[in-house]
Amino acid sequence: MADTKAGKKKRILSGMRPTGRIHLGNYEGALKNWVKLQDEFDSFHMVADWHALTNNPDAAHIHADTLDMVIDWMAAGLDPKKCTMFIQSHVREHAELHLLLSMATPLGWLERCPTFKELYRDDDERKGLSYGMLGYPVLQAADILIYKAHFVPVGEDQVPHLEITREVCRRFNKLYGKVFPEPQAKLTETPRILGADRRKMSKSLGNHIVMSDSPDAIRKKVLTMITDPKRPRKNDPGHPDECNVFTFHQLYNKNRDRIPEIEKGCRAGDWACYDCKQELATALVEWLEPFREKREALAADPDFVKDVLRQGNLAARRAAQAVMTEVREKTTLGSLIADD
Ligand code: ATP
Ligand code: MG
């Protein structure tokens, strides 16, 4: 848990959906920042299991995916002594605040949300879209506001959602008096990592490189990566600044001398994409080695992982309950008759 000086630190909240093992995009856009910020901030990190149900109400995978994801977080450097890791559905106050916020959220804000608009457009018969999917950003607002978070370290794709949180926050504060600070996004220098097909790397698009994949699986995935679209033939001059493989070299190739060499060879058209990918695969496997080792040790001790979450759930509940008491007072709900 965060140390006793936590009260003086500014707070951050961020989460991920337990929908599969984490990939390089999750790491570069969010997790890397969580690890970096855990000394400086009072950090809360949430397994967003209710959010995982918005586009797939089947919950059978959630327990296994929750443990896998938290193991990934710790293998990447999140330290349970420095931050609070917890499961959203174990802090039911999120649902209560979500309900109150939903009354203060105009429908138009949600209908304009890019994720919803895209899904709405593709679902002519309105069969696959749930009420929960429309309200997703309101639940997200509750997740953040209930901890009075100042910052939200997320990838670029989440910025429009956070904008809704900020609007909901302003609306609530105006209606009932100031309760919540207005949270701000915190992005990394790599807020949008592209997948093998050059679209945003995403679990749901199947274009992702999973951090815990075997060296063999990583090699295979790297070889499928689309390179410079403006270089149709092997000996054409390349454009490294437009090539995802080159971006990955800059991030993961420990042999820093190779970066300018690769760039030069690519521009001259005498360094082949295939060789470039082979070298990247080797570099990436090496870069991921310490992560894989730590992950294996953690996976061998699921009781430890469950204990981290048990403690985290308690700490998160305490923090959320205190804020909900204040919210009930401000909204003048719940003070007429004392509960037994
Ligand atoms: P899904 O396809 O199920 O939505 P996802 O791969 O987008 O999964 P999320 O759990 O939605 O992953 O996102 C977790 C965090 O990782 C969020 O902060 C999100 O902004 C960030 N993130 C996800 N993909 C990327 C990416 N390609 N580049 C940078 N950040 C990313
Ligand atoms: Mg996503």
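### Regarding the layout of surface pockets
- Roughly 1500 Å³ of volume is contained in the largest pocket.
- Taken together, 48 residues line the largest pocket, and the ones lying closest to its centre are Tyr-136, Asp-157, Gln-158, Lys-200 and Ser-202.
- Taken together, the elements giving at least two residues each to the lining of the largest pocket come down to β1 (11–16), α1 (24–37), α6 (114–122), α7 (131–145), β4 (151–153) and α8 (159–176).

### Structural notes on the site of ligand 1
- Contacts to ligand 1 come from 20 residues, most closely from His-23, Asp-157, Ile-193, Lys-200 and Ser-204.
- Lys-203 has a polar backbone atom sitting 3.0 Å from an oxygen atom of ligand 1.
- The protein chains hide 93% of the 600 Å² of surface that ligand 1 would expose on its own.
- With four residues, the top contributor of residues to the shell around ligand 1 is α1.

### Observations regarding the domain arrangement of the protein chain
- You can read the domains of the protein chain as domain 1 (11–193 + 302–330) and domain 2 (215–295).
- When each unit is reduced to the centre of its C-alpha atoms, the spacing between domain 1 and domain 2 is 33 Å.
- In this complex, domain 1 contributes 13 residues to the contact, which on the side of domain 2 involves eight residues.
- Interface of domain 1 and domain 2: buried area, both sides summed, is about 920 Å²; carbon and sulfur atoms make up 65% of it.
- Broken down residue by residue, the surface that domain 1 buries against domain 2 is led by Leu-24, Ala-75 and Ile-193, which jointly contribute 49%.

### Looking at the nonpolar core
- By size, the foremost hydrophobic cluster in this structure holds 46 residues, and its most contacted members are Leu-31, Trp-73, Met-85, Ile-209 and Phe-248.
- Residue assignment for this core shows that the elements contributing at least two residues are α1, α3 (62–75), β3 (83–87), α9 (215–223), α10 (244–252), α11 (258–268), α12 (273–299) and α13 (302–330).
- Both domains that furnish three or more residues to this core are identified here as domain 1 (11–193 + 302–330) and domain 2 (215–295).
- In this structure, Met-85 is in contact with His-45, Val-70, Trp-73, Met-74, Leu-78, Asp-79, Pro-80, Val-308, Leu-309, Gly-312 and Asn-313, ignoring residues within four places of it in sequence.

Rules used in this analysis
Residues numbered from 1 in each chain as written. Chains lettered and ligands numbered in written order. Predicted model: local features only at pLDDT ≥ 70, side-chain atom pairs only at ≥ 80, totals over all residues. Heavy atoms only, no water. 1 Å grid on protein atoms, 1.4 Å probe; cavity = no way out; pocket = protein on both sides within 12 Å on 5 of 7 lines; lining within 4 Å. Points joined across faces, edges and corners; volume = space filled by probe spheres on them. Helix = DSSP H or I, 4+ residues; strand = E, 2+ residues; numbered from the N terminus. Near = heavy atom within 4 Å. Polar contact = N/O pair within 3.5 Å; in protein donor to acceptor, adjacent residues only side chain to side chain. Areas by Shrake-Rupley, 256 points an atom, 1.4 Å probe, with all protein chains shown as cover. Domains from an automatic or database assignment. Contact = heavy atoms within 4.5 Å. Buried area = accessible area lost by both parts, 1.4 Å probe. Core = buried A, V, L, I, M, F, W, Y, C linked by side-chain atoms within 4.5 Å. Buried < 20%, exposed > 50% of the residue type's maximum accessible area, 1.4 Å probe, protein only.

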